[in-house]
Amino acid sequence: MADSRKPASGNRAKTSAIAGKNASKKSAVKAASKGSAKKSKKGSSKRPDSKAGANAAPAKKKRLRDQANKGKRKVKVSDETAGKPVVAEKPTHKNPLPYGNELVRMLEATGVPVSIEAIARHASLKGPKAIEALKTRLGEMVTSGRIMKNRRSEYCLVSKIGGIAGKVQGHPDGFGFLIPEDGSDDLFIPFHEMRQLLNGDRVVVRENGVSRQGKRKAALVEILERGKTIVIGRFNLERGVSFVVEQGGRSAHNFLVAKHHRHGATAGQMVKLEIVEYPNKHREPYGKIVELLGEPSEPGMATTLAIEAFEIPNGFPDSVVQQSEGWGDEVREADKAGRVDLRATPLITIDGADARDFDDAVFAEKNAQGWRLVVAIADVSHYVQVGDAIDTEAVKRSTSVYFPDRVVPMLPESLSNGLCSLNPDVDRLCTVCDMQVTQEGKVSKSKFYKAVMRSHARLTYNQVDAAVTQQDAATRKQVAKVLPQLEALYDLYAAFAAARKKRGSLELEIPEVRIQMGEDGHIDRIAQVHRNDAHKLIEECMIAANVEAGGFLHKNKTPTLYRVHEGPDPDRFEAVSYTHLRAHETRGN
């Protein structure tokens, strides 16, 4: 790509030509002005105001010419190009902002930390807007780790100072470790260096010998970025000195709190503290309490502390709530237009007994080729448009977070538990993967479409297992209206399982545990969850739909994310193969 600061050779000729033409016109105007002046001089006795009129004409022409030439590049006129009628080129950027690579090369050449003013002078940037744009670009480069900014607000390359950039991992006993960004081995950070650091800080260090355990030892060079601004902990008051001890924190620091910043806290309470001053070599960090969370023994306090400690967004801005509630409580008739009507198809949801929202529904029926399998997913994309208030807030959250006693949703409740949850006996918008599965458990064809559905039952894994596997009469009576679909799903699952075994897929039965809360809001027990065929049935249906979705996206060359599993470790694979071979030989003998 041609550099926008240097016109192409053809454009230089054009620019020179028009400049030449302008010069010729200027000469002609000047000559005309002289002629008019002489003529007016001769007749001055007859026309006393002729001199003013003669001077007014060239002044007007000059003003028009200046307006026409405003913003055009000034060039030197050559004799060869003068007088050629072409239009002059306007520059796209007077002083373009340097790219990241250019800034890196400049810092490499400089070899020492430099200020933003020096960088701006080197790049010939002037004016507050240009400086602000440069500051933004440098900030992005600091965040990405390409360069560093020291405490004097000067920029330099980490490599130029022999530094290693990374993140601090603190320890309650006062020492810490640096996790390097380049993936190299950790460095030990001794106590005296950790005095001014907090867990999560991003820093630059240099190697400074070896610890007694044989680890590289770090000496602090620069703090690039603080890892936290908020601390969750217990408020303490001892001999008139108030401070907060971080809850579960990897830090030996006590966060001092002035009396006027206690926010009414009493000793032993859990609080949220905002850091006002970070620690240094000579003093502890200082902060102010911004919220009282309650007593440690209060029901649900463990969840509250986790939400606050990990800064999980809790609650939604008014703009997001208003936009979500604007969709109403029921699917509007206009939103159903153009969709396939599956409301008569007995789709059902099968989830855990404690599930709060229902994302997917399934349906299966036997046919001549095998089975028709329908997997329907709540059509969230209909309600969340790219870049709108709901989408912007959802991006910040990335996912819903599930705790034993509550959920912090990614979307407002009117959507997450309402229009985007496939609740029974109400119309819902969905996206469908409609598949034909062979007798051998292979998907022979599939199609995707938007639909409107109505869940015919909200079932649990244990309920389905009792009805089909255990043949419990009472449960079968409860689910009688969808029992044919359940039995068809089990037959389909058997075909999927046989195909999986034939492919040699691994059967990983990893125990799952669940925290169960008591009536008082505290943890009652931690129990293992028993997986039955109903769990596996839903998994196989979801895997089939996901494989078809991946194939559809790949076929249509649509960029997307794929989860790629690493291959087995060669040594472990060889060991398993050897064990399998020996077992086979033993059986043969």
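Residues numbered from 1 in each chain as written. Predicted model: local features only at pLDDT ≥ 70, side-chain atom pairs only at ≥ 80, totals over all residues. Heavy atoms only, no water.

1. Some thoughts on the overall build of the protein
Formally: The secondary structure listing takes helices from DSSP runs of H or I that are at least 4 residues long and strands from runs of E that are at least 2 residues long, numbered from the N terminus. The classification of residues rests on relative accessible area computed with a 1.4 Å probe and restricted to protein chains. Under 20% of the type maximum is buried, over 50% is exposed, and intermediate values are partly exposed. Contacts are assigned to residue pairs that have any heavy atoms within 4.5 Å of one another. Areas reported here follow the Shrake-Rupley algorithm with a probe of radius 1.4 Å; residue values treat only the protein chains shown as occluding.
Of regular secondary structure, the protein possesses 16 helices and 24 strands. When each of the 589 residues of the protein is scored for burial, the buried share is 37%. Restricting to contacts in the protein with at least 6 residues of sequence separation, those with at least 24 account for 63%. With the model as given, the accessible surface of the protein reaches about 36,000 Å², and the carbon-plus-sulfur share is 52%.

2. A short note on the sheet that holds strand β1 (residues 114–115)
Test applied: DSSP bridges decide pairing: two strands pair if at least two such bridges lie between them.
With antiparallel pairing, the three strands of this open sheet are ordered in space as β1-β3-β2. Edge positions in the sheet fall to β1 and β2 (148–149), since each of these pairs with one other strand and no more. Pairing geometry for β2 and strand β3 (residues 154–156), over two bridges, is antiparallel. Pairing of Lys149 across the sheet is with Tyr155, part of β3.

3. Describing the sheet that holds strand β13 (residues 286–294)
As a general point, the strands of a sheet are linked pairwise by backbone hydrogen bonds and lie either parallel or antiparallel. Definition in use: Angles run from 0 to 180 degrees between N-to-C directions of axes, and those axes are lines fitted to C-alpha atoms, restricted for helices to the stretch in contact.
Reading around the circumference, β9-β10-β11-β13-β12 is the order of the five strands in this closed barrel, with mixed pairing throughout. Strand-to-strand, the axes of this sheet are offset by a mean angle of 50°, without reference to chain direction. Relative to strand β12 (residues 270–277), strand β9 (residues 230–238) runs antiparallel, the two being bridged by five bridges. When the sheet's bridge partners are listed, Ile230 is paired in β12 with Glu274. Its contacts with the sheet place helix α7 (residues 301–309) against β9, β12 and β13, and it is angled at close to 145° to β13.

4. Some thoughts on the pattern of salt bridges
The line we're drawing: One speaks of a salt bridge when a side-chain nitrogen belonging to Lys or Arg is within 4 Å of a carboxyl oxygen belonging to Asp or Glu.
Considering all chains together, one arrives at 25 salt bridges under this definition. Among the ionic pairs, Lys272 bridges to Glu308, the shortest N-O distance being 2.8 Å. Here Lys272, found in strand β12, pairs with Glu308, found in helix α7; they are 36 residues apart in sequence, far enough to count as distant. Take Lys272 and Glu308: they sit in the same class, and that class is buried. Measuring nitrogen to oxygen at the nearest pair gives 3.5 Å for the salt bridge that ties Glu512 to Arg514. Owing to a relative accessible area of 32%, Arg514 belongs among the partly exposed residues under this scheme. What emerges from the salt-bridge pattern is a single network uniting Glu333, Lys336, Asp341, Arg343, Asp427 and Arg454.

5. Concerning the layout of surface pockets
Note the threshold: Grid points spaced at 1 Å over the protein atoms alone were grouped into cavities, where a 1.4 Å probe fits but cannot get out, and pockets, open sets with protein on both sides within 12 Å along at least five of seven lines, with lining residues defined by an atom within 4 Å of a point. Grid points are joined across faces, edges and corners, and a volume is the space filled by probe spheres set on the points. Gly counts as polar in this scheme, as do all residues outside two lists: the nonpolar Ala, Val, Leu, Ile, Met, Phe, Trp, Tyr, Cys and Pro, and the charged Asp, Glu, Lys and Arg.
In this structure, the largest pocket encloses a volume near 1,400 Å³. If you trace the largest pocket, you find 42 residues lining it, with Tyr461, Glu512, Arg514, Arg531 and His535 closest to the centre. For the lining of the largest pocket, the secondary-structure elements that each account for two or more residues are β15 (348–351), α12 (461–468), α14 (483–503), β23 (512–517), β24 (523–529) and α15 (533–555). No other element matches α15, which puts seven residues into the lining of the largest pocket. A breakdown of the residues in the lining of the largest pocket according to their chemical character gives 19 nonpolar, eight polar and 15 charged. Space inside the second largest pocket adds up to approximately 640 Å³. Of all the secondary-structure elements, those providing two or more residues to the lining of the second largest pocket are α14 and α15.

6. Some words on the side chain of Lys272
The exposure class of Lys272 is buried, given its relative accessible area of 17%. Not counting residues up to four positions away in its chain, the partners in contact with Lys272 are Ile230, Val231, Ile232, Lys288, Ile289, Val290, Glu291, Leu293 and Glu308.

7. Thoughts on a nonpolar patch on the surface
Selection rule: Patch criteria: residues need more than 30% relative accessible area and no salt bridge. Like-charged residues are merged within 9 Å; nonpolar side chains of Val, Leu, Ile, Met, Phe, Trp and Tyr are merged within 5 Å.
A grouping of Val513, Ile515, Ile523 and Ile526 is seen on the molecular surface, where their side chains present a nonpolar patch of about 380 Å² in accessible area. Only β23 and β24 provide two or more residues apiece to the nonpolar patch. In this fold, Ile515 is placed in strand β23.

8. Quick look at the environment of Leu178
Mapped onto the elements of the fold, Leu178 is located in strand β5 (residues 176–180). Take Leu178: its relative accessible area is 0%, and that puts it in the buried class. Along the primary structure Leu178 and Val203 are separated by 25 residues, whereas in three dimensions their C-alpha atoms are 8.4 Å apart. Apart from residues no more than four positions distant in its own chain, Leu178 is found in contact with Ile164, Gly166, Lys167, Val168, Asp186, Leu187, Ile189, Val203 and Val205.

9. A word on the packing of aromatic side chains
Under the convention used in this document: Two rings belonging to Phe, Tyr or Trp (six-membered ring only in the last case) form a pair when the distance between their centres is within 6.5 Å. Interplanar angles under 30 degrees mark stacking, angles over 60 mark edge-to-face geometry, and anything in between is tilted. Criterion for a charge above a ring: Arg CZ or Lys NZ at most 6 Å from the ring centre, at most 35 degrees from the ring normal.
The tally for this structure, following the rule as stated, stands at five aromatic pairs. On the basis of an interplanar angle of 50° and a centroid distance of 5.2 Å, the ring pair of Phe448 and Phe552 is categorised as tilted. In this pair, Phe448 sits in strand β21 (residues 443–454) while Phe552 sits in helix α15, placing the two residues 104 residues apart along the sequence. What makes Phe552 partly exposed here is its relative accessible area of 42%. Geometry around Trp371 places Lys366 over its ring, the cationic atom sitting 4.0 Å from the centre.

10. Comments concerning the packing of α14 against α15
Any two packed helices are characterised by how steeply their axes cross, that is the angle between the axes, and by the distance between the axes. To keep things clear, this is the line we draw: These descriptions rest on fixed angle ranges, namely under 35 degrees for roughly parallel, over 145 for roughly antiparallel, 65 to 115 for roughly perpendicular, and the rest for oblique.
α15 packs onto α14 with a crossing angle of 70° between their chain directions and a minimal axis gap of 10 Å. For the element pair α14 / α15, the angle class is roughly perpendicular. Across the interface between the two elements, Leu489, Tyr490, Tyr493, Phe496 and Arg500 of α14 pack against Asp533, Ala534, Lys536, Leu537, Glu540, Cys541, Ile543 and Ala544 of α15. Of the residues in the contact of α14 with α15, the class split is nine nonpolar, no polar and four charged.

11. Describing the nonpolar core
Threshold: By nonpolar core we mean a set of buried residues, namely Ala, Val, Leu, Ile, Met, Phe, Trp, Tyr and Cys, connected to one another through side-chain atoms within 4.5 Å.
Within the largest apolar cluster, 34 residues are counted, with the highest numbers of intra-cluster contacts made by Ile348, Leu373, Leu459 and Leu486. Looking at this core, the elements that each hand over two or more residues are β15, β16 (360–367), β17 (370–378), β20 (427–438), β22 (457–460), α12, α14 and α15. Membership of the second largest hydrophobic core comes to 16 residues, among which are Leu107, Ile119, Leu125 and Met141.

12. A word on the confidence of the model for the protein
Basically, it comes down to this: pLDDT: the predictor's confidence for each residue, scored from 0 to 100.
Averaged over all residues, the pLDDT of the protein is 82; the fraction at 70 or higher stands at 82%. Low pLDDT, under 50, characterises residues 1–56; the predicted model gives this stretch 42 contacts beyond four residues in sequence or across chains.

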